[in-house]
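# Coordinate inspection notes
Given next are the chains, with one letter for each unit.
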Amino acid sequence: MALLGRRRSSFLKLAALCGVVWFMAVFVLYSDDASRTGPSGSGSGSAASGGGAIEYETPRRLPLEGIRNKFNQFIENARLDANRQDPVAHVPDVNFVDNNRLEEDLGDEGEAGAGGVEPEVDEPPVVKTAKETVPSKPSRVQAQSPIGGGLVLPGVIAPPSDGPGELGKPVVLPKELSPEVKKLVDEGWTKNAFNQYVADMISIRRTLPDPRDAWCRDTDRYLDDLPPTSVIICFHNEAWSVLLRTVHSVLDRSPDHLVKEVILVDDFSDMREWLSRVTRTFFILIDLYVTYVTAHTQKQLVDYFLAYPKVKIVRAAKREGLIRARLLGARHATAPVLTYLDSHCECTVGWLEPLLDRIARNSTTVVCPVIDVIDDNTMEYHYRDSGGVNRLGTYDSGFDIWGGENLELSFKTWMCGGSLEIVPCSHVGHIFRKRSPYKWRTGVNVIKRNSVRLAEVWMDEYAQYYYQRIGNDKGDYGDVTSRKKLREELGCKNFRWYLDNIYPELFVPGDAVASGEGKLGVPDQHMFSQYWMLSKTGEIRRDEACLDYAGDDVVLYPCHGSRGNQYWNYSDESHLLRHGSSDRCLAINEAKNKLIMQDCNAAVEAQRWTFQNYDAAKL
């Protein structure tokens, strides 16, 4: 009987809990219905773009039952925005999962670019194509459809013409935003480290001015028989509008016969999985939001690109990082030239032909466009004045996530008989972020790990200078045997040759008169807590920046090698650092937090400096 009583009590508690949960669900749905049928909010704002402003209504709250319709409309707007005026004359392809049988058809091409090193990448399913009838792309519309109970959602992808951001102009949000809009703006910054709210307002096929001069526009400038390329774009939890804008800029501004395929490599985007874990306690209501709002890189991405048969989607089975994701894309590429782009870029008109022309003339050439800056806040496009990878081997598959791949490519290209060129006739915009929004491996400094691998393979005896900067703590950088073997097989030159012939203006730490921390004469006062160097020419250097004094504050300024404001005369006897042009001495203020200039006096402790590793013989 006691057992039965306990069971009955448990059943009653469970029934009561279910009743409470049901009541909460009904209450939330009733509240959403009330907010939908009641008066709408009055908040409003504007987004300035060039010469005009766009007025939009700020929704107070989106009903839960309208969330699925909201995202479906979001995708539909993107389709309408992306529609081309020219009709589709052929039956487009439909993507399906092949479970890795693609390599049976690739033959030797599937291994192109491996450089004798098998990338250590888990093989995921890959998207292939089969003929099937799908609806043609609809016509563009200029009006935006109402979403979720008649509310117009600000920030959905807008059609081109006079819309925000056209011709690369900035979109400036008003200073006073409603709480709802401010929350959306903040969430976009948190997830992407750029203003996703503004990015979503801009057409995914926005117009950009032609940055080329008459010389670059000359069609006779380039060879007629240029090789086609596979454009590989890797992404991880990328914003929908920015990813689509990248792809459309490639398709719209490249000659059709020169782009064999666009390979999108999904580096295990997991935003939906992460949100599901966080919101699982809210049961099925929040799961609806997670499924239909955050899964934009999954089925919605495949559905969207059904009308674009050149676009293939490859998904990594686990988080690989930029370098291994690029290698994964290269394994599925079929064109003789590989072009890598980040997933937050915009290609300008005429960007591709100059790059392929240089490669067609010399297959050992590695080319790069002029990288223009897309403002991370306003999405303004800032133009910069512009006035042979496969044979040399691909990226180091041991590199984690991001960092070091650009230096390795430079060292390997030049030292192993190729050349690396910036092509001024080619412009590609890139959103430069002030921080990385991606998750890193716990407990591993991936940039340091990649840099140590780079130094071990390519920098010879000069690697010691990098190791000094990190306290000679190399950590676990993995096995680099295969990379050293590749260097030997290619007959690459030594790093001394690279410094003498490719980068002779680089300051070599070994030539420094002194290096290490700069200390005051007062015990335990380490003003220069970072690694500093005193050069033969009297520069106090921190990498490529020098202490500079022009009469006001002592500042760090890019080293120019002309002495002047950056010339300091150090005496090992008096320990004074005398500034050449002003004849005053470097000192520290009383609060010990700022460098100042004073009339020279060796008796003043605040002016007495001692450098580590001082060697007067190098003067």
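This is a predicted model, so every value here is computed, not measured.

Each value, and the rule that gives it
Along each chain, residues carry numbers from 1 onward, in the same order as the chain's sequence is written. Per-residue local features of the predicted model are confined to residues with pLDDT of at least 70, and side-chain atom pairs are confined, for both listing and counting, to 80 or more; whole-chain, interface and lining totals are unaffected and use all residues. Processing note: side-chain calculations cover all non-hydrogen atoms of the structure and skip hydrogens and water entirely. A run of H or I in DSSP becomes a helix once it reaches four residues, and a run of E becomes a strand once it reaches two; helices and strands are each numbered from the N terminus. Whether a residue is buried, partly exposed or exposed follows from its accessible area with a 1.4 Å probe, protein chains only, as a fraction of its type maximum: under 20%, in between, or over 50%, in that order. Note on areas: these come from Shrake-Rupley sampling with a 1.4 Å probe, and a residue is covered only by the protein chains present in the view. Here, any two strands with at least 2 DSSP bridges between them count as paired. Where helices are involved, their axes are fitted lines through C-alpha atoms of the stretch in contact, as for all axes, and angles between N-to-C directions lie from 0 to 180°. Should any heavy atoms of two residues lie within 4.5 Å, those residues are considered in contact. Whenever a pair of cysteine sulfur atoms sits within 2.5 Å, that pair is classed as a disulfide. Take the number of residues in a helix, subtract one, and multiply by 1.5 Å to get its expected span. For the purposes of this section, nonpolar cores are sets of buried Ala, Val, Leu, Ile, Met, Phe, Trp, Tyr and Cys residues that join through side-chain atoms within 4.5 Å. Salt bridge, as applied in this entry: a Lys or Arg side-chain nitrogen positioned within 4 Å of an Asp or Glu carboxyl oxygen. What pLDDT reports is the predictor's confidence in each residue, on a scale of 0 through 100. Aromatic pairs are defined between Phe, Tyr and Trp rings, using the six-membered ring for Trp, whenever the two ring centres lie within 6.5 Å; interplanar angles under 30 degrees are classed as stacked, those over 60 as edge-to-face, and all others as tilted. Each helix crossing is assigned a hand: it is left-handed if the near helix lies turned anticlockwise from the far helix by less than a right angle, otherwise right-handed if that turn is clockwise. Residues are sorted three ways: Asp, Glu, Lys and Arg are charged, Ala, Val, Leu, Ile, Met, Phe, Trp, Tyr, Cys and Pro are nonpolar, and all the rest, Gly among them, are polar.

### Considering the overall build of the protein
A count of helical and extended segments in the protein gives 18 helices and 23 strands. Looking at the protein as a whole, 47% of its 619 residues qualify as buried. Entry remark: accessible area of the protein is about 30,800 Å², with carbon and sulfur atoms responsible for 53%.

### With respect to the sheet that holds strand β6 (residues 229-235)
Taken in spatial order, the four strands of this open sheet run β8-β7-β6-β9, and their pairing is parallel. The open sheet terminates on both sides in strands that have one partner only, identified here as β8 (311-315) and β9 (337-341). Looking at each pair of strands side by side, their axes are set apart by 25 degrees on average, direction ignored. As defined by bridge partners, β6 adjoins strand β7 (residues 259-266) across seven bridges and the pair is classed as parallel. Within β7, the residue paired with Phe235 across the bridge is Asp266. Strands β6, β7, β8 and β9 of the sheet are contacted by helix α11 (residues 322-331), whose axis makes an angle of about 145 degrees with β6.

### Describing the state of the cysteines
By definition, a disulfide links two cysteine residues through a covalent bond between their sulfur atoms. All told, the structure shown has four disulfides when counted by the stated rule. Shown here is the disulfide that connects Cys416 with Cys492, its sulfur atoms set 1.9 Å apart. Here Cys416 and Cys492 share a disulfide; its torsion about the S-S bond, 100 degrees, makes the bridge right-handed. Residue Cys416 is located in the loop between α14 (405-415) and β13 (419-431), and its partner Cys492 is located in the loop between α17 (481-490) and α18 (495-501); the two are separated by 76 residues in the primary sequence. With a sulfur-sulfur separation of 2.0 Å, Cys546 is cross-linked through a disulfide to Cys559. Across the S-S bond linking Cys546 and Cys559, the dihedral sits near 100 degrees, which makes this disulfide right-handed. Note that Cys546 is positioned in strand β17 (residues 545-549) and Cys559 in the loop between β18 (554-558) and β19 (568-570), a separation of 13 residues in sequence. Cysteine pairing for the protein (bonded cysteines numbered in sequence order): 1-3, 2-4, 5-6, 7-8.

### Side note on the pairing of strand β21 (residues 585-588)
In the case of a regular strand, side chains alternate between the two sheet surfaces. Residue alternation in β21 divides its side chains into two sets, Cys585 and Ala587 and Leu586 and Ile588, and both sets are buried. Two strands pair when backbone bridges link them, and β21 and strand β22 (residues 595-598) are joined in this way by four bridges, in the antiparallel orientation. Bridging from a neighbouring strand, Ala587 pairs with Ile596 of β22. Hairpin remark: β21 followed by β22, antiparallel, with six residues in the connecting loop; positive phi at Lys592, about 60 degrees.

### So, helix α7 (residues 240-252)
Taking 1.5 Å of rise per residue, 13 residues should cover 18 Å, and α7 covers 18 Å from first to last C-alpha, within 8% of that figure. Of all 13 residues that make up α7, 12 are buried, and the element is covered over most of its length. Within α7, burial applies to Trp240, Ser241, Val242, Leu243, Leu244, Arg245, Thr246, Val247, His248, Ser249, Val250 and Leu251.

### Some remarks on the nonpolar core
Of all hydrophobic cores here, the largest spans 35 residues; its most connected members are Val262, Leu264, Leu301 and Phe305. With six residues, α7 is the largest single contributor of residues to this core. Counting residues in hydrophobic clusters, the runner-up holds 19 residues, among them Met459, Tyr462, Tyr467 and Val508.

### Observations concerning the pattern of salt bridges
Applying the stated criterion across every chain yields a total of 29 salt bridges. Asp342 is the partner of Arg326 in a salt bridge, and the nearest nitrogen-oxygen pair spans 3.3 Å. Here Arg326 is found in helix α11, whereas its partner Asp342 is found in the loop between β9 and β10 (345-347), with 16 residues between them in sequence. Close ionic contact of Glu456 with Lys484 constitutes a salt bridge, the shortest N to O distance being 4.0 Å. Note that Glu456 is positioned in helix α15 (residues 446-458) and Lys484 in helix α17, a separation of 28 residues in sequence. Taking the relative accessible area as the measure of exposure, Lys484 reaches 40% and is therefore partly exposed.

### Digging into the confidence of the model for the protein
Looking at the protein, pLDDT values average 75 and 64% of them are 70 or higher. Note that residues 86-121 has pLDDT below 50 and, in this model, 74 contacts with residues that lie over four places away or in other chains. Predicted confidence for residues 388-403 stays below pLDDT 50, and this span has 77 contacts to residues more than four positions away or in other chains.

### Some remarks on the sheet that holds strand β12 (residues 381-382)
The four strands lie next to each other as β10-β13-β11-β12, forming an open sheet whose pairing is mixed. The two strands at the open ends of the sheet, each matched to only one other strand, are β10 and β12. α7 rests against β10 and β13 of the sheet, and its axis sits at about 20 degrees to β10.

### Quick look at the packing of aromatic side chains
Under the definition given, this model contains 12 aromatic pairs. Relative to Tyr308, the ring of Tyr304 has its centre 6.1 Å away and its plane inclined at 20 degrees; by these criteria the two rings are stacked. Note on Phe411 and Tyr498: the rings are 5.0 Å apart at their centroids and 75 degrees apart in plane angle, and the pair reads as edge-to-face. Taken together, the positions of Phe411 in helix α14 and Tyr498 in helix α18 put the pair 87 residues apart, joining distant regions of the chain. In this pair, the class of Phe411 matches that of Tyr498, namely buried. By the ring-pair criterion, three or more aromatic residues cluster together here, those being Phe411, Tyr462, Tyr465, Phe495 and Tyr498.

### Focus: the packing of α15 against α17
Packing of α15 against α17 brings their axes to within 9 Å, and their N-to-C directions diverge by 35 degrees. Here α15 runs over α17; the crossing is right-handed. Counted together, Arg453, Glu456, Val457 and Trp458 of α15 and Arg483, Lys484 and Arg487 of α17 form the full contact between these two elements. Considered class by class, the residues forming the contact of α15 with α17 number two nonpolar, no polar and five charged.

### With respect to the environment of Leu407
With respect to the secondary-structure elements, Leu407 resides in helix α14. C-alpha of Leu407 to C-alpha of Leu454: the two residues are 47 residues apart in sequence and 8.0 Å apart in space.

### Re the side chain of Arg206
Locating Arg206 in the fold gives a position in the loop between α5 (196-201) and α6 (214-217). Taking relative accessible area as the criterion, Arg206 reaches 2% and is therefore assigned buried. With sequence-adjacent residues up to four places away left out, Arg206 is seen in contact with Gly165, Glu166, Gly168, Lys169, Arg245, Arg253, Glu346, Ile374, Met379 and Tyr381.

### So, unusual backbone geometry
Even without being a glycine, Asn472 presents a positive backbone phi close to 55 degrees. Summarising the element assignment, Asn472 is placed in the loop between α16 (463-469) and α17. One non-glycine residue, Asp583, adopts positive backbone phi at about 60 degrees. Here Asp583 lies in the loop between β20 (577-579) and β21.

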